[in-house]
Amino acid sequence: MAMAAKAAAIQQQGHKVLNLTLGEPDFETPEHLKEAARRAIRDGKTRYTPASGIPELREAICEKFRRENDLEYQPAEVMVAVGAKQILYNICMAICDPGDEVLVPIPVWQTFVEQVKLAEGKPVLVELGSDHRVRRADLDPHITARTRAIFLNSPNNPTGVVMDPDEVRAVAELAVERGIYLIGDETYEHFLYGDARHVIPAALDEEVKRWTIEVNTVSKTYAMTGWRVGYAAGPAEVISAMAALMGQSTTQTASVSQWTAVEALTGPQDCVQEMVGEFSKRREYFINGLHRIGVECAWPEGAFYAYPSLPAGESSSLDFSDRLLTEAHIATVPGADFYGEGNLRLSYATSMDVLSEALERLERYLG
Ligand code: PLP
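Since the structure is predicted, the reported quantities are computational estimates derived from the model, not experimental observations.

**Topic: the domain arrangement of the protein chain**
Point 1. Here the domain parsing of the protein chain yields domain 1 (2-23 + 270-366) and domain 2 (47-266).
Point 2. If you average the C-alpha positions of domain 1 and of domain 2, the two centres end up 27 Å apart.
Point 3. Taken together, domain 1 and domain 2 are joined by one salt bridge.
Point 4. The interface formed by domain 1 and domain 2 includes 13 residue pairs in polar contact (both at pLDDT 80 or more).
Point 5. In terms of residues, the side of domain 1 that touches domain 2 owes the most to one element, helix α11 (residues 270-292), which gives seven residues.
Point 6. The residue inventory of the side of domain 1 that touches domain 2, partitioned by class, reads 13 nonpolar, five polar and four charged.

Written out as structure tokens, the structure is:
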């Protein structure tokens, strides 16, 4: 937020700031989805809905899991909320008593940590190796009698790492052995590149499914960030506790958004492939460009972020990100914002023109 304010101030002085901070697709919501929203309004679908979502959407979510993940859920095992963000909040509130511990592998999207705190739980930050991959051996030593859950986010924000099936299985076995929940945030499920293959933990087997709460959203997949529709699938007792909380807090997410999400999940899916294809080209261009100018950066396997290392001699991501903004007018997110250090997050959910100019400016700045 501080960076955004600073970027706006620099812009106001007449400079062009290149924004590589975007955490959302730069595409418009596809036309057939906007039309579904207009139709819902015309048909008067504008009243309160059940707290856990309209039956049509819950059925569409079950169908999505069947079609894409080969996974069987009943409508009582799924619910809808105001984005994945509220889903995650409801999960923390439903499963954490004060002092309960939740393991959070870092670097990580900050919200996981803050929501555990909101539920009076204790986030336990688990440092990963330099390849940012989640290994069971890193988690094991942090499990205590108070551990309630482990957060997984693959493809990962900010690192772009996609867990391979063996890694997911190893963590799932730990969860089952110790009777703790796995919270699988699959927000970037469709944003996969190269040979990356995404496996959701609940699809491994019935026992793992019993301990997994799957989190997903239409925000990124369908360029619908502002519509605020996220969903969860998991054990019925957890879902019903989450829905009870929902009923007394926000009641539901907007009815028109829910009807639009029905169309997103059940209608044509070409828009997703088109968008991912475009991101794939930008990724190729941008990461190759970073390598060409001597920036060390692993190839992101998923999501739409590059997570390069700081140049030699730089130790504070906050400081370097701040100087990049002030001196080169490039806005980035420091790794420190993800409880990491030594990296920056650069979003390539922006136009080729911006990426190309950012590479030029970076080269000049680093040179
Ligand atoms: N989960 C992760 C890992 C994210 O990066 C984000 C948004 O940046 C979200 C969830 C939020 O999704 P939603 O828009 O559905 O609240």
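Moving on from the coordinates now.
**Let's talk about unusual backbone geometry**
Point 1. Between Ile 106 and the following residue, Pro 107, the backbone shows a cis peptide bond with an omega angle of 5°.
Point 2. The residue Pro 107 is located in the loop between β3 (101-106) and α5 (111-118) in this model.
Point 3. Positive phi is not limited to glycine here, since Asp 70 has a value of about 55°.
Point 4. Note on placement: Asp 70 falls in the loop between α3 (55-69) and β2 (78-81).

**A short note on the sheet that holds strand β11 (residues 333-334)**
Point 1. In spatial order, the strands read β9-β12-β11; together these three strands make up an open sheet with antiparallel pairing. Each edge of the sheet is formed by a strand with only one pairing partner; in this case those strands are β9 (305-306) and β11.
Point 2. Looking at chain direction, β9 and strand β12 (residues 344-347) are connected through two bridges and run antiparallel. Bridge assignment links Tyr 305 to a residue of β12, and that residue is Ser 347.

**Regarding α11**
Point 1. Compared with an ideal rise of 1.5 Å per residue, which puts 23 residues at 33 Å, α11 spans 33 Å between its outermost C-alpha atoms and is within 8% of the ideal.
Point 2. When we look at burial in α11, the residues that qualify are Cys 271, Val 272, Met 275, Val 276, Phe 279, Arg 282, Arg 283, Phe 286, Ile 287, Gly 289 and Leu 290.
Point 3. In this fold, the buried residues of α11 make contact with α2 (31-42), β9, β12 and α13 (352-366).

Calculation criteria
- Residues numbered from 1 in each chain as written.
- Predicted model: local features only at pLDDT ≥ 70, side-chain atom pairs only at ≥ 80, totals over all residues.
- Heavy atoms only, no water.
- Domains from an automatic or database assignment.
- Salt bridge = Lys/Arg side-chain N within 4 Å of Asp/Glu carboxyl O.
- Polar contact = N/O pair within 3.5 Å; in protein donor to acceptor, adjacent residues only side chain to side chain.
- Helix = DSSP H or I, 4+ residues; strand = E, 2+ residues; numbered from the N terminus.
- Nonpolar A, V, L, I, M, F, W, Y, C, P; charged D, E, K, R; others polar.
- Pairing = 2+ DSSP bridges.
- Expected span 1.5 Å × (residues − 1).
- Buried < 20%, exposed > 50% of the residue type's maximum accessible area, 1.4 Å probe, protein only.
- Contact = heavy atoms within 4.5 Å.

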